[in-house]
Amino acid sequence: MEKNGARTAICALILSLIGIAATYLYQCLFCVIDAGEVKTQIRLILLFLSGLPVVITELIFVLLAIKRPGWELKYVCLTQIIASLLFIGLLLTLFPHIPIPYILIPAREMAGNFLQLLIEMFAGAAAGICLLVGLIVFAIKCRKQK
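Remember, it's a predicted structure, so these values are computed and weren't measured experimentally.

Enquirer: Describe the overall build of the protein, and please don't skip the residues or the numbers.
Expert: If you tally the helices and strands in the protein, you get 5 helices and 0 strands. Helices (α) and strands (β) of the protein occur, in sequence order from the N terminus, as α-α-α-α-α. Overall, the protein is about 60 × 25 × 25 Å in size when its C-alpha atoms are taken along their principal axes. Considering only intrachain contacts with a sequence separation of at least 6, the fraction spanning at least 24 residues in the protein is 85%.

Enquirer: Go over the side chain of Glu 120 with me, naming the residues and quoting the values.
Expert: By the secondary structure assignment, Glu 120 is in helix α5 (residues 112-145). Not counting chain neighbours up to four residues away, the residues in contact with Glu 120 comprise Leu 91, Leu 92, Phe 95 and Pro 96.

Enquirer: Would you mind going over helix α4 (residues 73-93) in detail, with residue names and values included?
Expert: Between the first and last C-alpha of α4 there are 30 Å, a value that for 21 residues agrees with the 30 Å anticipated at 1.5 Å per step. Within the sequence span of α4, burial applies to Tyr 75, Val 76, Cys 77, Thr 79, Gln 80, Ile 81, Ala 83, Ser 84, Phe 87, Leu 90 and Leu 91.

Enquirer: Explain the packing of aromatic side chains to me, and be specific about the residues and the numbers.
Expert: Each aromatic ring pair is specified by the distance between its two centres and by the angle formed by the two planes. The full count for this structure, using the stated rule, is 2 aromatic pairs. Judged by centre distance (4.9 Å) and plane angle (80 degrees), the rings of Phe 48 and Phe 122 are edge-to-face. With Phe 48 in helix α2 (residues 40-48) and Phe 122 in helix α5, this pair connects stretches of sequence that are 74 residues apart. The exposed category is assigned to Phe 48, whose relative accessible area is 54%. Taking the relative accessible area as the measure of exposure, Phe 122 reaches 23% and is therefore partly exposed. The ring of Trp 71 has Arg 7 lying over it, and the distance from NZ or CZ to the ring centre is 4.5 Å.

Enquirer: Any details on the nonpolar core? Residues and values, ideally.
Expert: Judged by nonpolar contacts, the single largest core of 20 residues is most densely connected at Ile 20, Leu 47, Phe 87, Leu 91, Phe 95 and Leu 115. If you list the elements that add at least two residues to this core, you get α1 (2-35), α2, α4 and α5. In this view, Leu 47 contacts Phe 30, Leu 115, Leu 118, Ile 119 and Phe 122; residues no more than four positions away in its chain are not counted. Among the nonpolar cores identified, the runner-up in size contains 8 residues, and Ala 12, Ala 65, Trp 71 and Ala 83 belong to it.

Enquirer: Before we move on, can you summarise helix α3 (residues 52-67) with the specific residues and values?
Expert: With 16 residues, α3 should cover 22 Å at 1.5 Å per step; its first-to-last C-alpha distance of 23 Å lies within 8% of that length. Listing the buried residues of α3 in full gives Pro 53, Val 54, Thr 57, Glu 58, Phe 61 and Ala 65. Seen from one end, α3 has its buried residues packed into an arc of 125 degrees, which puts them on one side. For α3, exposure combined with an orientation more than 90 degrees from the buried face picks out Leu 63 and Lys 67.

Enquirer: Lay out the environment of Pro 69 in plain terms, naming residues and giving numbers.
Expert: In this fold, Pro 69 is placed in the loop between α3 and α4. According to the relative accessible area criterion, Pro 69 is exposed, its value standing at 72%. Sequence-wise, Pro 69 and Cys 31 are 38 residues apart; in three dimensions their C-alpha atoms are separated by 41 Å.

Enquirer: Can you lay out the environment of Leu 94 for me, pointing to particular residues and giving the numbers?
Expert: In this structure, Leu 94 sits in the loop between α4 and α5. Leu 94 gets classed as partly exposed once you look at its relative accessible area, which sits at 37%. Distance from Leu 94 to Ile 20, taken between C-alpha atoms, is 8.9 Å for residues 74 residues apart in sequence.

What counts, and at which threshold
- Residues numbered from 1 in each chain as written.
- Predicted model: local features only at pLDDT ≥ 70, side-chain atom pairs only at ≥ 80, totals over all residues.
- Heavy atoms only, no water.
- Helix = DSSP H or I, 4+ residues; strand = E, 2+ residues; numbered from the N terminus.
- Contact = heavy atoms within 4.5 Å.
- Expected span 1.5 Å × (residues − 1).
- Buried < 20%, exposed > 50% of the residue type's maximum accessible area, 1.4 Å probe, protein only.
- Phe/Tyr/Trp six-rings, centres within 6.5 Å; stacked < 30°, edge-to-face > 60°.
- Lys NZ or Arg CZ within 6 Å of the ring centre and 35° of its normal.
- Core = buried A, V, L, I, M, F, W, Y, C linked by side-chain atoms within 4.5 Å.
- Arc of directions from axis to C-beta.

Structure representation (structure tokens):
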């Protein structure tokens, strides 16, 4: 159990940091796309998809962890739950303090912090959905073991 607990904690921390980095890169990509002549509808779609990096990183982790021997589904779900909670915590505390590179901010953008807040909201909502799915699968798995 101790080996699984340490592995779960380390993997959850790494997964949440990868999620923060992917969300930051998505924010930079959004600023680059926003600087061009793009329609408002495309900007809104890209804003709604700002939770996609965290969902993709967690899905990749779950798919890789399930195929590895020694990882039970219970510990995979527990790692994913902890990673989602850490991601949301880091998103609320650390993410606002990471500045967007000045060169990427569009010339007309005067509310860069508002863009960052919107990306935080949508990414946090996606992490919340991942957390909910992980909790449901974890509860089902624990109930079957009883």
